[in-house]
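# Remarks on the overall topology
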Amino acid sequence: MASLTLPASSGTPRPSGPAPAPPAPRPEIETPADLRDKSWRTEANLRAMRLVLSKEPGELTTEELQALAQYSGWGGLSIESVKKMLPPELVPESFGLLHEYYTPSAITEAIAETLCPLLPELAGNDGTVRALEPSAGVGRLIRAFSPRRCLALEAGGQIKKIAWTGVEFSKVSSTLLRALRPDVDLYYMPFERWVRDEGPRYQGTFGLIVSNPPYGERGAMAREDTDEFYKEKRAFAYFMRRALDLLVPGGVGVFLIPAGFLSGNLNRGLREKLLRRHHLLGAFRLPSHDRKGRETVPGASVVMDVVFWRSRGGELTEIDEADQFILDGDYFKHHPDHILGTEDGAFAGDDEAGMARSWRYKVTGDFNGLPPLTPRPICTACVLTSIVPREDIGNFQTVAREDDGTPDDIDEELRPALELGRRVGRYLAAVGADEADKAAQLWPELHTALRDFAASFGNPWRSKPLRELAEGRRKLAAAQQVLNAFDKTGSIVAALREAPLVAPKFSGQPDNVVAQAEALFRQQRALTVAQLMGFHQRQGGTLTTEAALEALFTAEWNLDGDAWDQLFPSDAYLTGNDLWERHDRAVARAQRGDEQAKVQVRRLLDAIKPAVFDDLTDVSPQHGYVPLDLVAGWISATLNSRYGAVELERKDGFVQIRGHDYTDAEPPPISPETLAFLGYYNHDPESLPAATREAGQRRRAEQP
């Protein structure tokens, strides 16, 4: 799976001119064994990184391709002992050292085996299956759809080919994938940026999507995609929703995701969003350990589900009744045979790779492939609506069920109360889901509306009709919510009286101070060193302030503020209207020997791109449109700096020092260089006063 913190990069270069000839058939690469020890994996990684830099893609032999395919990422490994052996062009990213766990080959092959029979129905009219891997890594899922396994369908004329598009923003992984599969249309960038820049032209074009997305927090890359509708905190949720919405109607998407998605209540809102637009064909829970106690994904410590989706081609107005048990988190209670092993312990929703301190829940069994997939029947009577363009939808997406609307027989004077109750429900749902930014946006207007309502309607608890709607046989949720917003005296309850204070949650490693800073800054849009270190210590972090700052500086964070204690990621620090003020503060610190300040001065100048005059070769002070005040200011700061400021005026056809005629025999008290310049300015080098000519001669005599 891909990491989430690589520096920004451009996409795949596109050659101009005629399209190149189709590539020759590539030799099939035999998938390497995954369950090797750490020393073997480390050596194989180093060998692959050195090899990929030695040749151009397409020049590698079958044996060399086999060596590249043995790269397994650095998740669960340490590079401290081999740092000096790493190619400087391909140093692994720090996030990858924690979270780069590639999909085991046995699982990728099993997924491909299951999907191969579906490929003919996923092909376009030209016989091509257009497929996307949004977190491509080194291409294990892509390579699993090999000629030996799937493209035998070509021979029968059922499909022509699979045309792969891949997105990967690890430099190491994308470099290796390009060498292993130069036929893939590969984009080296974060998926969020690809969606923003390339997504519109790919919308509704893919018949197949397969992915093992990242599982952790999305980090700084979340700011690349500004669509609020897809503002998911967890990377797997964002990747799954965003990618599936790119499918053609009837297209299939397969994701390897944490077990917490289909079990329990934590992801109910996410399940509802997906089930409205996509039909769950089926899912399998994979063994986390084999019968000898070895982890399926070494070092990841995570229970995974492989889920198969089919795009509905529209959106349901309400959840299909046949999907209710999925929405309730009971899929595996209804399909216990889809758990491919024996469960041990109670499921606790701990789905962060590498995070479990001890195994509270695991699935033990020997993985021998996936059972045959019997697709769940899709609802043919369900009414689909067109998916509304996002710009037509408001900022807030509810995470809880609401009333369908105000019943027709409700008194007109009660309708504003019910509408207000729905707004209270949306606000409380945002607070309960820890969506602090949404709750903070909703609160000001809601609080004002509650005060205005109480002033005009009075104490809602004294309204018998409203109480009957909330407590009687109808039990309307909106009526209950508006009553709950007030105490029995008619005052707004404490939970709604003050702006929300939602404490940030963090599920990353205790010492991952960069991820902690990203989480805090994303929520607060401001962060001091003291705030970060307090949060870091509360998470169990052990870094000193110096070590934490070093990690942040490596990740291109910046210090600012009068006390030099405010932290900013580069995308926030290098934008805005006060870049020059930041530059001046950084220059002042740099002059005192602060090395980080010197780095920030360079970054700011690169961002500001101040105008320089070296390229103004066609501009001369002799040009009449150049103001004399500007010329005088330049002379005062340069040629005449030792003598003081000068003022210029035009008189009798000459430009001269104010109060001194140009033709006077006695020159004014200015530098010889200024006198020479006035002669140049007046196009009169031969008529310069004698003193000026003598000054010029002295100056020439002094030159070496």
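Residues numbered from 1 in each chain as written. Predicted model: local features only at pLDDT ≥ 70, side-chain atom pairs only at ≥ 80, totals over all residues. Heavy atoms only, no water.

Bringing the overall build of the protein chain into the picture now. A tally of helices and strands in the protein chain yields 28 helices and 15 strands. Looking at the protein chain as a whole, 49% of its 704 residues are labelled buried. A total of about 34600 Å² of accessible surface is found on the protein chain, and carbon and sulfur atoms cover 51% of it. (Helix = DSSP H or I, 4+ residues; strand = E, 2+ residues; numbered from the N terminus. Buried < 20%, exposed > 50% of the residue type's maximum accessible area, 1.4 Å probe, protein only. Areas by Shrake-Rupley, 256 points an atom, 1.4 Å probe, with all protein chains shown as cover.)

Locating Arg603 in the fold gives a position in helix α25 (residues 595-608). Look past the residues within four positions of Arg603 in its chain and what remains in contact with it is Phe553, Glu556, Trp557, Asn558, Ser570, Leu574 and Gln596. (Contact = heavy atoms within 4.5 Å.)

Turning next to the environment of His660. For His660, the location among the structural elements is in the loop between β15 (654-657) and α27 (672-681). A sequence separation of eleven residues divides His660 from Glu649, and the C-alpha atoms of the two residues are 9.6 Å apart. Residues contacting His660, with those up to four places away along its chain left out, are Pro668 and Pro669.

Relative to the assigned elements, Leu496 resides in helix α19 (residues 494-497). For the pair Leu496 and His447, spaced 49 residues apart in the sequence, the C-alpha separation amounts to 6.9 Å. The residues touching Leu496, leaving out its near neighbours within four places in the chain, are Val424, Tyr427, Leu428, Trp443, Leu446, His447, Leu450 and Ala485.

A few words on the pattern of salt bridges. Enumeration over the complete set of coordinates arrives at 32 salt bridges. One salt bridge connects Arg218 with Glu192, and the closest N-O pair in it is separated by 3.1 Å. Of this pair, Arg218 sits in the loop between β4 (206-211) and α11 (235-244) while Glu192 sits in helix α9 (residues 191-197); the two residues are 26 residues apart in sequence, bridging distant segments of the chain. The class of Arg218 is buried, set by a relative accessible area of 3%. Taking the relative accessible area as the measure of exposure, Glu192 reaches 1% and is therefore buried. A cluster of three or more residues bridged by salt bridges with shared partners is formed by Arg193, Arg196, Asp197 and Glu224. (Salt bridge = Lys/Arg side-chain N within 4 Å of Asp/Glu carboxyl O.)

What follows deals with the confidence of the model for the protein chain. When pLDDT is averaged along the protein chain, the result is 79; 76% of the residues meet or exceed 70. Ranking the elements of the protein chain by mean pLDDT puts helix α3 (residues 94-99) last with 47 and strand β12 (residues 557-560) first with 96. Counting contacts from residues 94-98, a segment whose pLDDT is below 50, to residues more than four positions away or on other chains yields 15 contacts. The low-confidence segment residues 388-404 (pLDDT under 50) makes 26 contacts with residues lying over four places distant or belonging to another chain. (pLDDT = per-residue confidence, 0-100.)

Take the sheet that holds strand β7 (residues 304-311) next. Judged by pairing direction, the sheet is mixed, and its seven strands sit side by side in the order β3-β2-β1-β4-β5-β7-β6 without closing on themselves. Both edges of this open sheet fall to β3 (185-188) and β6 (278-285), since each of them pairs with a single strand only. Averaged over neighbouring strand pairs, the angle between their axes works out to 15° when direction is ignored. Bridging between β4 and strand β5 (residues 247-258) involves five bridges; their strand directions are parallel. Bridged to Ile209 within β5 is Gly253. Along the sheet, α11 makes contact with β4, β5, β6 and β7, crossing β5 at roughly 165°. (Pairing = 2+ DSSP bridges. Axes fitted to C-alpha atoms, helices over the stretch in contact; angles between N-to-C directions.)

Another point: the environment of Arg241. Secondary-structure assignment places Arg241 in helix α11. Taking the C-alpha atoms as reference points, Arg241 and Tyr230, separated by eleven residues in sequence, lie 7.3 Å from one another. In this view, Arg241 contacts Phe229, Tyr230, Glu232, Leu270, Lys273 and Leu274; residues no more than four positions away in its chain are not counted. Engagement of the side chain of Arg241 in a polar contact is seen with the backbone oxygen of Phe229, the distance being 2.8 Å. Separated by 2.8 Å, the side chains of Arg241 and Glu232 make a polar contact. (Polar contact = N/O pair within 3.5 Å; in protein donor to acceptor, adjacent residues only side chain to side chain.)

Counting 84 residues, the largest nonpolar core has Leu115, Trp194, Leu208 and Met240 as the members making the most contacts within it. It is α11 that contributes the most residues to this core, eight residues altogether. Once residues within four sequence positions are removed from consideration, Trp194 is found in contact with Leu132, Thr165, Val167, Tyr187, Met189, Gly199, Tyr202, Phe206 and Leu246. (Core = buried A, V, L, I, M, F, W, Y, C linked by side-chain atoms within 4.5 Å.)

Let us look at helix α21 (residues 529-538). Along α21, the residues classified as buried are Val529, Leu532, Met533, Phe535 and His536. Burial along α21 is one-sided: seen end-on, the buried residues are contained in an arc of 160°. Turned more than 90 degrees from where α21 packs its buried face, Ala530, Gln537 and Arg538 sit exposed. Note on α21: the residue one or two positions beyond its end, Gly540, has a positive phi of about 90°. (Arc of directions from axis to C-beta.)

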